[in-house]
Amino acid sequence: MQALFSDAFFKDLAKQYGTPLYVYSGDKIAQQYNHLKDSFEARSTRFFYACKALTNQHILQLIRDLGCGIDCSSINEAYMAVRAGFSPDRILYTSNGIAFEEIEAAVSLGIHINIDSLSNLEKMGAKYGHNYPVGIRLRPNIMAGGNLKISTGHEQSKFGIPLEQIEEILQIVRRHQMHIRGLHIHTGSEIKDVKVFMEGANRLLELIDYFPELSCMDLGGGFKVAYRPDESGTDILQLAAETKLIQEAMSKRAGRHIEIWFEPGKYLVSECGYLITHVNVIKENGSTIFAGIDSGFNHLIRPMFYDAYHHIRNISHPNAPEKKYTITGNICETDQFASDRLLPEINEGDYLVFFNAGAYGYEMSSSYNARSKPAQVLHYRGETRLISRRETLDDLMHLQIL
Ligand code: PLP
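Bear in mind that the values here come from a model prediction, so they are computed numbers and not experimental data.

A few words on the overall build of the protein. Secondary structure summary: the protein contains 12 helices and 18 strands in total. Considering only C-alpha atoms, the protein reaches an extent of 65 × 55 × 40 Å along its principal axes. Put simply, the protein has 402 residues, and 56% of those count as buried. In the protein, the proportion of contacts linking residues at least 24 apart, taken out of those at least 6 apart, comes to 69%. One finds the centroid of the 41 positive side-chain charges in the protein at a distance of 2 Å from the centroid of its 48 negative side-chain charges.

Following this line, the structure appears as structure tokens:
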């Protein structure tokens with residue numbers, strides 16, 4: 001896999017800011033968004049960046065300036081979106097399992113809301129009736145996604161209101177004369193097959209007649225990007241072509257224009273990001289050679305949590321003869337990034353760079369073992385700047401009452 005930055009650039013950043021270090025390419029984010037924008041019909045499609053993937057204000061502002069909307073999964077993310085300058089009409093709050101107070105707070109911001117339980121729908125109806133249009137998050141009963149932990153639309157999933165509860169939904173909606181502006185599904189993450197998106201869309205199409213005020217159908221996020229050298233992502237042009245057909249069918253059935261909304265997270269920020277790490281120790285154990293780096297699941301948890309593959313490049317010796325290495329971290333857990341991975345010979349002091357670290361990398365990091373969260377750097381339009389500093393001991397202790 002080809003990195004977006006040269007080895008020399010990575011090394012300069014590592015020397016200037018220290019490691020571990022997250023580095024993002026703003027140009028790549030812009031390229032990804034522009035590809036979406038140019039592939040889909042502007043009048044009929046809106047994109048809301050699922051900011052849970054990476055919430056740094058500089059990233060949010062960059063995405064705001066590109067013209068993209070933003071999808072939030074907590075009220076604090078919604079406040080961050082407001083701080084980054086998104087107008088309420090460009091903010092979507094797709095809740096799951098939240099207290100009604102958060103929905104009330106979202107209403108006072110004037111943002112779009114997708115409700116995902118019968119109980120919150122009932123409370124919403126009782127309090128706001130027809131006065132605040134809302135979307136309903138449904139569970140489409142489709143099993144798809146990179147692995148079970150990131151599959152959210154299947155029959156055992158907690159997300160959304162099950163399709164088979166449509167009668168209960170309709171009773172609430174009618175009782176309170178609610179204005180339902182959209183239906184939402186998010187089937188999972190890393191969905192390559194366009195058919196899965198269309199299967200979900202077709203389930204929504206079947207519900208159109210029940211909701212006379214619908215103006216949009218939200219198909220969620222989950223576009224796949226390549227993590228392995230031999231992988232490819234969702235075919236965006238095919239997705240756009242098939243979305244156009246289903247959007248036309250929905251509009252025809254509704255008798256008015258229906259917009260399609262998407263909430264891409266990984267698609268916008270996964271490939272733009274790298275985690276630069278430093279090799280502390282090489283340890284030989286029979287046939288296994290461990291390369292111990294200055295990181296762990298406290299900085300990049302996806303390999304341990306989701307068994308995710310992240311491509312690794314030895315930028316210090318990219319052309320050395322290859323050997324198999326097990327790459328581990330420095331925290332007191334089994335924090336293996338890769339097992340028996342073929343890599344150019346690694347020496348203590350080398351820098352290893354992890355690819356696809358933009359989405360759910362820094363954002364899922366913690367300060368476990370009292371190790372600091374890395375700093376973050378953004379390179380955009382020829383300029384490189386620090387967008388968050390490394391945590392210090394004082395940061396780690398600042399909530400404690402001493
Ligand atoms: N929308 C919702 C409701 C989600 O839960 C998620 C991910 O968890 C996304 C969008 C973004 O998914 P992805 O990053 O795979 O595009």
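Quick look at the pattern of salt bridges now. Across all of its chains, the model carries 15 salt bridges by this definition. A salt bridge links R46 to D89; the nearest nitrogen and oxygen atoms lie 3.5 Å apart. Pair noted here: R46 is in strand β2 (residues 45-50) and D89 is in the loop between α4 (75-83) and β4 (91-94), with a separation of 43 residues, a long-range link. You can call R46 partly exposed: its relative accessible area is 21%. Here E122 and R175 are joined by a salt bridge, their closest N and O atoms 2.5 Å apart. Taken as a pair, E122 in helix α6 (residues 118-128) and R175 in helix α7 (residues 166-175) lie far apart in primary sequence, 53 residues in all. By sharing partners, the salt bridges in this structure join E41, K244 and E248 into a single network.

Turning next to a nonpolar patch on the surface. Judged by side-chain polarity, L393, M397 and L402 come together as a nonpolar surface patch covering roughly 360 Å² of accessible area. Here M397 lies in helix α12 (residues 393-397).

This next bit is on the side chain of S295. Following the sequence through the fold, S295 ends up in the loop between β12 (288-293) and α11 (302-305). Here S295 falls in the buried class, since its relative accessible area comes to 0%.

The subject of this paragraph is the site of the ligand. As a structural note, the neighbourhood of the ligand is formed by 14 residues, with S189, G222, E263, K266 and Y360 the closest of them. Within the side chain of S189, an N or O atom sits 2.3 Å from an oxygen atom of the ligand. Here a nitrogen atom of the ligand sits 2.6 Å away from a polar atom, N or O, in the side chain of E263. Calculation on the ligand without its partners gives an accessible area of 390 Å², and the protein chains cover 91% of this total. Counted by class, the shell around the ligand contains three nonpolar, six polar and five charged residues.

The rules behind the values
- Residues numbered from 1 in each chain as written.
- Predicted model: local features only at pLDDT ≥ 70, side-chain atom pairs only at ≥ 80, totals over all residues.
- Heavy atoms only, no water.
- Helix = DSSP H or I, 4+ residues; strand = E, 2+ residues; numbered from the N terminus.
- Buried < 20%, exposed > 50% of the residue type's maximum accessible area, 1.4 Å probe, protein only.
- Contact = heavy atoms within 4.5 Å.
- Lys, Arg positive; Asp, Glu negative; His and termini not counted.
- Charge placed at Lys NZ, Arg CZ, Asp CG, Glu CD.
- Salt bridge = Lys/Arg side-chain N within 4 Å of Asp/Glu carboxyl O.
- Patch = residues over 30% accessible without salt bridge, like charges linked within 9 Å, V, L, I, M, F, W, Y side chains within 5 Å.
- Areas by Shrake-Rupley, 256 points an atom, 1.4 Å probe, with all protein chains shown as cover.
- Near = heavy atom within 4 Å.
- Polar contact = N/O pair within 3.5 Å; in protein donor to acceptor, adjacent residues only side chain to side chain.
- Nonpolar A, V, L, I, M, F, W, Y, C, P; charged D, E, K, R; others polar.

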